[in-house]
Amino acid sequence: MGEPDETAEQDGTVEPDQAGEPEEPREGPHRATLGRSVELFRTFLVEQTDPDRFYSLLAVDSVRQLGSYVDLAGARLLDVGGGPGYFSTEFRRAGATYLGLDPAVGDFAAAGAAVSGMVRGSGTALPIRSGAVDVCYSSNVLEHVSTPEAMLDEMVRVTRPGGTVFVSFTPWLSPWGGHETSPWHLLGGDRARQRYLRRNGREPKNRFQETLFPVSAARAMRWARAGRRAGEVTVVDVLPRYHPRWACWVARVPGLREMLTWNFTVVLRRSGQPAPATTQEDPVQGSLSDVTR
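Here goes a summary of the coordinates provided. Note that the structure is predicted; figures quoted are calculated from it, not measured. All chains use their own residue numbering, which begins from 1 and follows the written sequence. Given that this is a predicted model, residues contribute local features only at a pLDDT of at least 70 and side-chain atom pairs are listed and counted only at 80 or more, while totals for whole chains, interfaces and linings are drawn from all residues. Hydrogens are left out, water is left out, and the side-chain values use all remaining heavy atoms of the structure.

Points about helix α6 (residues 189–200)
Helix and strand labels come from DSSP, where a helix needs a run of H or I of at least four residues and a strand needs a run of E of at least two; each type is numbered from the N terminus. Expected span, for any helix, means 1.5 Å times one less than how many residues it has. With 12 residues, α6 should reach 16 Å at 1.5 Å per residue; the first-to-last C-alpha distance of 16 Å fits that figure. Of all the positions in α6, only Gly189, Ala192, Arg193 and Tyr196 are classed as buried. Buried residues of α6, viewed axially, fall in a sector of 100°; they line one side. Turned more than 90 degrees from where α6 packs its buried face, Arg191 and Arg198 sit exposed. The positive-phi residue at the C-terminal boundary of α6 is Gly201, with phi of around 75°. Three exposure classes are used, based on accessible area relative to the maximum for each residue type with a 1.4 Å probe and protein chains only: buried under 20%, partly exposed in between, and exposed over 50%. Throughout, the arc means the angular range of directions from the helix axis out to the C-beta atoms.

Comments concerning the side chain of Arg36
Tracing the backbone through its elements, the reader meets Arg36 in helix α1 (residues 34–44). For Arg36, a relative accessible area of 8% gives the class buried. Residue contacts follow a heavy-atom distance rule, with two residues in contact if any of their heavy atoms lie within 4.5 Å. Non-local contacts of Arg36, meaning those with residues more than four positions away in its chain, are made with His30, Arg31, Asp61, Gln65, Arg241, Tyr242 and His243.

Points about the sheet that holds strand β3 (residues 118–119)
Two strands pair if DSSP finds at least two bridges between them. In spatial order, the strands read β3-β2-β1-β4-β5-β7-β6; together these seven strands make up an open sheet with mixed pairing. The sheet terminates laterally at β3 and β6 (233–240), the two strands that pair on one side only. Bridge count between strand β2 (residues 97–101) and β3: two bridges; the pairing is parallel. Paired with Gly100 across the bridge in β3 is Met118. To define axes, lines are fitted to C-alpha atoms, for helices over the stretch in contact only, and angles between the resulting N-to-C directions are given on a 0 to 180 degree scale. Each of β1 (76–80), β2 and β4 (133–139) touches helix α3 (residues 86–93); the most contacted strand, β2, lies at about 160° to it.

A short note on α3
Along α3, the positions that sit buried rather than exposed are Phe87, Ser88, Glu90 and Phe91. Against the buried residues of α3 lie α2 (51–67), β1, β2 and β4. Gly95 occupies a position one or two residues after α3 and carries a positive phi of about 100°.

Looking at unusual backbone geometry
For the bond running from Ser182 to Pro183, omega is 0°, close enough to zero to count as cis. For Pro183, the location among the structural elements is in the loop between β5 (159–169) and α6. Phi at Asn140 is positive, roughly 55°, even though this residue is not glycine. By the secondary structure assignment, Asn140 is in the loop between β4 and α5 (148–158). Despite not being glycine, Trp262 shows a phi value in the positive range, around 65°. Among the structural elements, Trp262 can be located in the loop between α8 (256–260) and β7 (264–270).

Considering the packing of α2 against α3
For the pair α2 and α3, the least separation of the axes is 9 Å and the interaxial angle reads 35°. Here α2 and α3 pass one another in a crossing that is right-handed. Here Pro51, Asp52, Tyr55, Ser56, Leu58, Ala59, Val60, Ser62, Val63 and Leu66 of α2 lie close against α3, whose contacting residues are Tyr86, Phe87, Glu90 and Phe91. Residues that form the contact of α2 with α3 fall into these classes: 10 nonpolar, two polar and two charged. Should the near helix be turned anticlockwise from the far one by less than a right angle, the crossing is termed left-handed; should it be turned clockwise, right-handed. Each residue gets one of three labels, nonpolar for Ala, Val, Leu, Ile, Met, Phe, Trp, Tyr, Cys and Pro, charged for Asp, Glu, Lys and Arg, and polar for the others, Gly among them.

Notes on the nonpolar core
In these notes, a set of buried Ala, Val, Leu, Ile, Met, Phe, Trp, Tyr and Cys residues joined through side-chain atoms within 4.5 Å is what counts as a nonpolar core. Core analysis: the biggest nonpolar cluster contains 35 residues, and Leu78, Val80, Ile128, Cys136, Leu142 and Phe264 have the highest contact counts within it. If you list the elements that add at least two residues to this core, you get β1, β2, β4, α5, β5, α7 (217–229), β6 and β7.

Topic: the pattern of salt bridges
Only one rule defines a salt bridge in this text: a Lys or Arg side-chain nitrogen within 4 Å of an Asp or Glu carboxyl oxygen. Across all of its chains, the model carries nine salt bridges by this definition. Linking Asp134 and Arg160 is a salt bridge whose minimum nitrogen-to-oxygen distance equals 2.5 Å. In this pair, Asp134 sits in strand β4 while Arg160 sits in strand β5, placing the two residues 26 residues apart along the sequence. Owing to a relative accessible area of 26%, Arg160 belongs among the partly exposed residues under this scheme. As a salt-bridge pair, Glu154 and Arg157 come within 2.8 Å of each other at their nearest N and O atoms. One end of the pair, Glu154, and the other, Arg157, are both in helix α5, three residues apart, so they sit about a helical turn from each other. The exposure class assigned to Glu154 is buried, which follows from its relative accessible area of 13%.

Quick look at the structure:
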């Protein structure tokens, strides 16, 4: 989609679409209430000790949230970096045709996890045909790639004209920006990594500048604006994923959103008119040996 415009945020505002206002989300079961936010935070605290509880709730909530922007019934959906089980179950329950992508599909299968309908691949070079999916979704993956613009470009490429792209990630300056090294990452990623090693006798899973990178909301919005100016996307919404609706304004304030959103989310619509309905070919490019059936 071209290079981001480094001056795009100088006016200090977010421009959700060409008219300057976001589209209205679809009506649905999703309700961004304070009670929901509290429940998500409480389960987040037991992510390490009770991952089934946390990821099951997050998957249900995520499908409901995405469903407020697009009808998932009958939609062909690609989940970039979705991991096994939790999200695929809920997306299929909502009526979507689910295809998951993760570089660790083989590891999931070896561990006995459900990996049906997944393909092995990289988020920055998706092995998916252009315009092959109705919805391209990614949750908490963008901060784990060294070139986030390349992954965003790929997500747009594989989405059909008129389709939806939903991407959320953890900004580096947010409370959980350093993941298990938080909040010490705010004093420097290398320093936080070394502190974790000293205290635990092992490296963190999310290693600064190896498997975890300092991505900002401002960087994502520069990319989105460049894509909008190029006529490739419109910005449907910008929001803090886990906040109650009345607190969503923080995602529209540069600087503040880096620290207070916890999980920054951009919802996009691929520009252009949808192609006429035809018999759909398999969305996966190349050999199907990497697809689990």
